[in-house]
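Below, each chain spelled out in residue letters.
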Amino acid sequence: MSNAPLDVYWYLPTHGDGPYLGTDERHRPATFGYLREIAQAADRLGFKGVLLPTGTRCEDAWITAAALIPQTEQLRFLVALRPGSGTPALFARHAATLDRISNGRVLLNVVTGADPADLAGDGNKLNHTERYAQTDEFLTIWRDMLSGEEVDFEGQYLSAKGSDISFPPVQKPYPPLWFGGSSDAGIAIAAKHVDVYLSWGEPVDQLAEKLERVRVAAAREGRSIRFGLRIHLIVRETEEEAWAAADRLISHVTDEVIAEAQNNFVNVSESVGQKRMSALHQGRRDKLVVGPNLWAGLGLVRGGAGTALVGSPDNVAARIREYQAIGIETIIASAYPHLEEAYNVAELLFPKLNLHGETAPALRGWDVEFGRGARPRVVASAS
């Protein structure tokens, strides 16, 4: 099995944070100061970048990224791009400007959307099929503009006449596009337009089948595509400690909260990926271990990424290598609360993934003091 290092990203909880799911107990609001702490910690610790989510309960991803870019040095920002909430020309200018401000540290996560109430709040009345057709038109215009072309396009949902941008992005031909969608329409969009296909953490064999469908679809378009995994990590020094932490995370979740969440995920959401998440555990507390070290407890109440790899550093690293063997090159990880858990993941797991050593990213921005006859001691630089 490969021992090549992966790119590991972290997550900015722009909707709030805390040590428990399904309760307001010890809730941490998404203040800018707190988000800055997480971003700067991720930057210091050697995470490749951070994912910024989108939704009516999230701080705006674009503005948050613009504010945090000057507060960090190497960190990349994977910013949510919602095709139904603005014109491709407007978002092309946003992307180019943010890419220049950050000197090429911007990535775009295309989010077509699946929650009817969320979409209605943005004035988007299109159904599932129509939204993906709109996304196709959006990305066609967006990519051509950022590639330096003058665009004349007339589609069913969108149009652009003589559109171009005066100030190009740093990254060529444009900041890379990331995207996750498990439906046939979603896979078709990924195959045609995006650079990295993202999936939530499904069992390895199940995910391998989906990734192969994406590969085949991309090949039909004359393209190749890379793969990333969006998953939570609960890593402790021992298996027992890790599983106890997982149980503690959902210790305040009630059956009523689970029932309400599962109804929304199964009967309201139009996301095929969300339904695949819910099918792993069927809303049952006794069916949460869905694979080796793969736990679906978060998916009882959390929409989107609902699984975690739980265990000791050695076992979690082994599971990640199994995902790498089917083509995963990037892990976008998270854990609650995100500030403390960034340190747990970096300190315990990074060495097992070859993300360590004196010159490795995990020590970037740190001073290493050596005492005579002693092992190296890492001391955080003053800032």
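Look above for the structure.
Please read all numbers here as calculations on a predicted model, not as lab measurements.

Conventions we followed
Sequence order as written defines the numbering, with residues in each chain counted from 1. Two thresholds apply to this predicted model, a pLDDT of at least 70 for residue-level local features and 80 or more for giving and counting side-chain atom pairs, whereas whole-chain, interface and lining totals are computed over all residues. Each side-chain value is derived from all of the structure's non-hydrogen atoms; neither hydrogens nor water enter the calculation. A run of DSSP states H or I qualifies as a helix once it reaches four residues; a run of E qualifies as a strand once it reaches two. Both are numbered from the N-terminal end. A simple rule labels every residue: compare its accessible area, found with a 1.4 Å probe on the protein chains alone, to the largest value its type can have, and call it buried under 20%, exposed over 50%, or partly exposed in between. Whether two residues are in contact is decided by their heavy atoms, any of which lying within 4.5 Å being enough. With residues, only the protein chains shown are counted as cover, and all accessible areas are computed by Shrake-Rupley using a 1.4 Å probe. What makes a salt bridge here is a side-chain nitrogen of Lys or Arg within 4 Å of a carboxyl oxygen of Asp or Glu, nothing more. Two rings belonging to Phe, Tyr or Trp (six-membered ring only in the last case) form a pair when the distance between their centres is within 6.5 Å. Interplanar angles under 30 degrees mark stacking, angles over 60 mark edge-to-face geometry, and anything in between is tilted.

Draft legend 1. Local environment of the overall build of the protein chain. Secondary structure assignment for the protein chain yields 12 helices and 15 strands. Scored against the burial criterion, the 383 residues of the protein chain give a buried share of 53%. The contacts of the protein chain with a sequence gap of at least 6 include a subset with a gap of at least 24, amounting to 72%. Accessible surface computed for the protein chain: about 16900 Å², of which carbon and sulfur atoms make up 48%.

Draft legend 2. Spatial organisation of the pattern of salt bridges. What the rule picks out here adds up to 11 salt bridges. Between R276 and E202 there is a salt bridge, and its shortest N-O distance comes to 2.7 Å. Of this pair, R276 sits in helix α10 (residues 272-281) while E202 sits in the loop between β8 (196-200) and α7 (204-220), placing them 74 residues apart in sequence. R276 gets classed as buried once you look at its relative accessible area, which sits at 18%.

Draft legend 3. Quick peek at the side chain of S183. Secondary-structure assignment places S183 in the loop between β7 (177-179) and α6 (184-193). Relative accessible area serves as the criterion here: at 8%, S183 is assigned to the buried category. With sequence-adjacent residues up to four places away left out, S183 is seen in contact with H128, Y132 and V272.

Draft legend 4. Just the environment of E25, in detail. Within the element layout of this structure, E25 appears in the loop between β1 (7-11) and α1 (32-45). By relative accessible area, which is 40% here, E25 ends up partly exposed. Sequence separation between E25 and H252 is 227 residues; the distance between their C-alpha atoms is 8.6 Å. Not counting residues up to four positions away in its chain, the partners in contact with E25 are Y20 and H252.

Draft legend 5. Region of the structure containing the packing of aromatic side chains. Counted under the stated rule, the structure contains eight aromatic pairs. On the numbers, 6.4 Å between centres and 80° between planes, the contact of Y132 with F179 is edge-to-face. On the criterion of sequence distance, the pair formed by Y132 in helix α5 (residues 128-146) and F179 in strand β7 is long-range, its members being 47 residues apart. Following the ring pairs from residue to residue traces out a cluster consisting of W10, F47 and F350.

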